[in-house]
Amino acid sequence: SSGINAEYGHSEDSGYHFRKLDSSHPDHWSDHVSQPALRDVRAFMRGDLVSDPQSMTKAPKSMAVKSCEPCGVMCEGETQYNGHVTSRKHKKRLSSLRKQQARLETS
């Protein structure tokens, strides 16, 4: 049976960190995926660091968070950012900002 290794992030001062969760054995889903994830969510909600920090890995550089200031959007990784800046929403926002700037300059 093929499974997907799920990863999820944890934000700390040094950036995003991920925990690999082995979902390759559906009959052990609770022990290998659900319970570790719930422990970390509960710890986060209490304001604690995640349990078992040794199992956390640094996020790859491709997962670096990029922001689009005009739209107020945060993107995780280059692919998501590139998708955003080519989107209709982004283009409309830039057009709107240019029009506002032109009105201010002519006032």
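Residues numbered from 1 in each chain as written. Predicted model: local features only at pLDDT ≥ 70, side-chain atom pairs only at ≥ 80, totals over all residues. Heavy atoms only, no water.

A.B. asks: What's the story with the overall build of the protein chain in this structure? I'm lost.
C.D. replies: Secondary structure assignment for the protein chain yields 3 helices and 5 strands. Listing the helices and strands of the protein chain from first to last along the sequence gives β-β-α-β-β-β-α-α. Here the contacts in the protein chain between residues at least 6 apart in sequence split such that 30% fall between residues at least 24 apart. Accessible area of the protein chain: about 8,000 Å², with a carbon and sulfur share of 54%. (Helix = DSSP H or I, 4+ residues; strand = E, 2+ residues; numbered from the N terminus. Contact = heavy atoms within 4.5 Å. Areas by Shrake-Rupley, 256 points an atom, 1.4 Å probe, with all protein chains shown as cover.)

A.B. asks: When you look at the packing of aromatic side chains in this model, what are you seeing that I'm missing?
C.D. replies: The description of an aromatic ring pair uses the distance of the two centres, along with the angle that the planes make with each other. This model, assessed by the stated rule, comprises 0 aromatic pairs. Over the aromatic face of Tyr81 sits the side chain of Lys66, whose NZ or CZ is 4.3 Å from the ring centroid. (Phe/Tyr/Trp six-rings, centres within 6.5 Å; stacked < 30°, edge-to-face > 60°. Lys NZ or Arg CZ within 6 Å of the ring centre and 35° of its normal.)

A.B. asks: What is the right way to read helix H1 (residues 29-46) from this model?
C.D. replies: Residues three or four positions apart in an α-helix share a direction because the helix packs 3.6 residues into each turn. Under the 1.5 Å per step criterion, the end-to-end length of H1 is 25 Å for 18 residues, consistent within 8% with the ideal 26 Å. In the structure, H1 departs most strongly from a straight axis at Gln35, where the bend amounts to approximately 30 degrees and where the proline Pro36 lies between one and four residues downstream. Every buried residue of H1 is listed here: Val33, Pro36, Asp40 and Ala43. Gly47 occupies a position one or two residues after H1 and carries a positive phi of about 90 degrees. (Expected span 1.5 Å × (residues − 1). Bend = angle between axes of the 7 residues up to and from the residue. Buried < 20%, exposed > 50% of the residue type's maximum accessible area, 1.4 Å probe, protein only.)

A.B. asks: Sorry, what's going on with the pattern of salt bridges here?
C.D. replies: Two side chains carrying opposite charge are able to pair once their charged atoms lie near each other. Taken as a whole, this structure holds 1 salt bridge when the rule is applied. Salt-bridge contacts for Lys66 lead to Glu78; the nearest nitrogen and oxygen are separated by 3.4 Å. Pair noted here: Lys66 is in strand E4 (residues 65-68) and Glu78 is in helix H2 (residues 78-85), with a separation of 12 residues, a long-range link. (Salt bridge = Lys/Arg side-chain N within 4 Å of Asp/Glu carboxyl O.)

A.B. asks: What's the story with the pairing of E4 in this structure? I'm lost.
C.D. replies: Regular strands place side chains that alternate from one sheet face to the opposite one. Inspection of the sheet shows E4 paired to strand E5 (residues 73-76) by 4 bridges, in the antiparallel sense. When the sheet's bridge partners are listed, Lys66 is paired in E5 with Cys75. (Pairing = 2+ DSSP bridges.)

A.B. asks: For this particular structure, what's the right way to read the pairing of E5?
C.D. replies: Where burial is concerned, the two faces of E5 differ: the one with Val73 and Cys75 is buried and the one with Met74 and Glu76 is not. In this structure, the hairpin formed by E4 and E5 is closed by a connection of 4 residues, where Gly72 is found at a positive phi of approximately 70 degrees.

A.B. asks: Sorry, what's going on with the environment of Val73 here?
C.D. replies: Assignment of secondary structure puts Val73 in strand E5. Its relative accessible area of 18% is what places Val73 among the buried residues. For the pair formed by Val73 and His84, sequence separation is 11 residues and the distance between their alpha carbons is 8.5 Å. Those residues within four positions of Val73 in sequence are excluded, and the remaining contacts are Lys66, Ser67, Cys68, His84 and Lys89.

As far as function goes, none of this settles anything; it's purely spatial.
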